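# Results of the structural survey
These are the residues of each chain, in order.
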Amino acid sequence: VVMSFAPAVNFVSSVKADSAEDMAAYTWAFDEGLTTMTSFDAFMFENAINREQAARFLVKGAEALGIELSSDQTCDYKDLASADQSLVEFINEGCELGLFKAQADFNPKQLMTREQAELVVARMVYGMDEVNAYAEDAGITEFAAARELLMADEIVKVEIPAQASVKRGHLLLMLYRLADADVVDPTTPTAPGYAEVS
């Protein structure tokens, strides 16, 4: 007789979640396969996340949300030999989807900053070209454009220093909020910050 047991999931945490939303986001992430951590504690909500770990998280998040993106980028990062090889496929897929910009290096072990996380999530929601166009029309950086768009749609609710390392839980909350977001097309004249080109 062969028996298999699913891992016991302990949604109750000995570390108190900051809010019901934090716990709901973790539960959603576990159910959707973004994480295999079987408790809120093990997920390490308050810890920083590096770029290669974030790549898996973001690609799985896009899949869970049914977001279909593509780009015409040629993706050939030169530093992927230093990456966790189980995460390379997610790095390459993230680039092919247009979440990450094609460039010489991916810097897989580098901690992801808050502004990088917001930019990638904005690309997931609106598309890389649209975020670029929004930034150009408004005369601001891509990072500033991403924050403005995400705050307008309440995917980001608090301004955190751009160069701070993004917390695993904060990246999760951005993805979790997309499930119920009423996203405004940034190219429409009613979008916040829209600047019409004459």
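So, how was this worked out
Residues numbered from 1 in each chain as written. Predicted model: local features only at pLDDT ≥ 70, side-chain atom pairs only at ≥ 80, totals over all residues. Heavy atoms only, no water. Helix = DSSP H or I, 4+ residues; strand = E, 2+ residues; numbered from the N terminus. Contact = heavy atoms within 4.5 Å. Areas by Shrake-Rupley, 256 points an atom, 1.4 Å probe, with all protein chains shown as cover. Disulfide = S-S within 2.5 Å. Salt bridge = Lys/Arg side-chain N within 4 Å of Asp/Glu carboxyl O. Buried < 20%, exposed > 50% of the residue type's maximum accessible area, 1.4 Å probe, protein only. Expected span 1.5 Å × (residues − 1). Phe/Tyr/Trp six-rings, centres within 6.5 Å; stacked < 30°, edge-to-face > 60°. Lys NZ or Arg CZ within 6 Å of the ring centre and 35° of its normal. Core = buried A, V, L, I, M, F, W, Y, C linked by side-chain atoms within 4.5 Å.

A count of helical and extended segments in the protein chain gives eight helices and zero strands. Along the protein chain, helices and strands appear, N-terminal first, in the series α-α-α-α-α-α-α-α. Taking the contacts inside the protein chain whose residues are at least 6 apart along the sequence as the reference set, 71% of them involve residues at least 24 apart. Accessible area of the protein chain: about 10,300 Å², with a carbon and sulfur share of 51%.

This paragraph deals with the state of the cysteines. According to the stated counting rule, one finds one disulfide in the structure shown. Note that Cys75 is cross-linked by a disulfide to Cys95, the S-S spacing being 2.1 Å. When the S-S torsion is -85 degrees, as for the bridge of Cys75 with Cys95, the disulfide is left-handed. Here the residue Cys75 occupies a position in the loop between helix H3 (51-64) and helix H4 (88-97), and Cys95 occupies one in helix H4, the gap between them amounting to 20 residues.

Tallying each qualifying case throughout the model produces nine salt bridges. Measuring nitrogen to oxygen at the nearest pair gives 2.8 Å for the salt bridge that ties Lys109 to Glu52. With Lys109 in the loop between H4 and helix H5 (114-126) and Glu52 in helix H3, this residue pair connects regions lying 57 residues apart in the sequence. On the basis of relative accessibility, which here comes to 48%, the residue Lys109 falls in the partly exposed class.

With that settled, consider H4. Regarding H4, the residues found buried are Val88, Phe90, Ile91, Gly94, Cys95 and Leu97. Where H4 is buried, its residues contact H3. Directly beyond the C-terminal end of H4, a positive phi value near 90 degrees is found at Gly98.

Looking now at H5. Taking 1.5 Å as the rise per residue, H5 with 13 residues should run 18 Å; its terminal C-alpha atoms sit 18 Å apart, in good agreement. Of all 13 residues making up H5, twelve are buried, and the element is well covered by its neighbours. If you check which residues of H5 are buried, you get Arg114, Glu115, Gln116, Ala117, Glu118, Leu119, Val120, Val121, Ala122, Arg123, Met124 and Tyr126. Looking at the buried side of H5, the elements it contacts are H3, helix H6 (128-138), helix H7 (142-152) and helix H8 (168-178).

Enumeration according to the criterion identifies nine aromatic pairs in this entry. An aromatic cluster is defined as three or more aromatic residues linked by ring pairs; in this entry it consists of Tyr26, Phe30, Phe40, Phe43, Phe45 and Phe57. The side chain of Arg51 reaches across the aromatic face of Phe106, ending 4.4 Å from its centre. Arg168 extends its terminal NZ or CZ atom over the ring of Phe43, reaching a point 4.6 Å from the ring centre.

The next subject is the nonpolar core. Residues Leu58, Phe100, Met112, Val121, Leu171, Leu172 and Leu175 are the most contacted members of the largest nonpolar core, which totals 52 residues. The element that contributes the greatest number of residues to this core is H5, accounting for seven residues. Those residues in contact with Phe100, other than ones at most four positions away along the chain, are Ala55, Leu58, Gln73, Tyr77, Ile91, Gly94, Cys95, Phe106, Met112, Val120, Arg123 and Met128.

Function-wise, these values are silent; they only describe arrangement.
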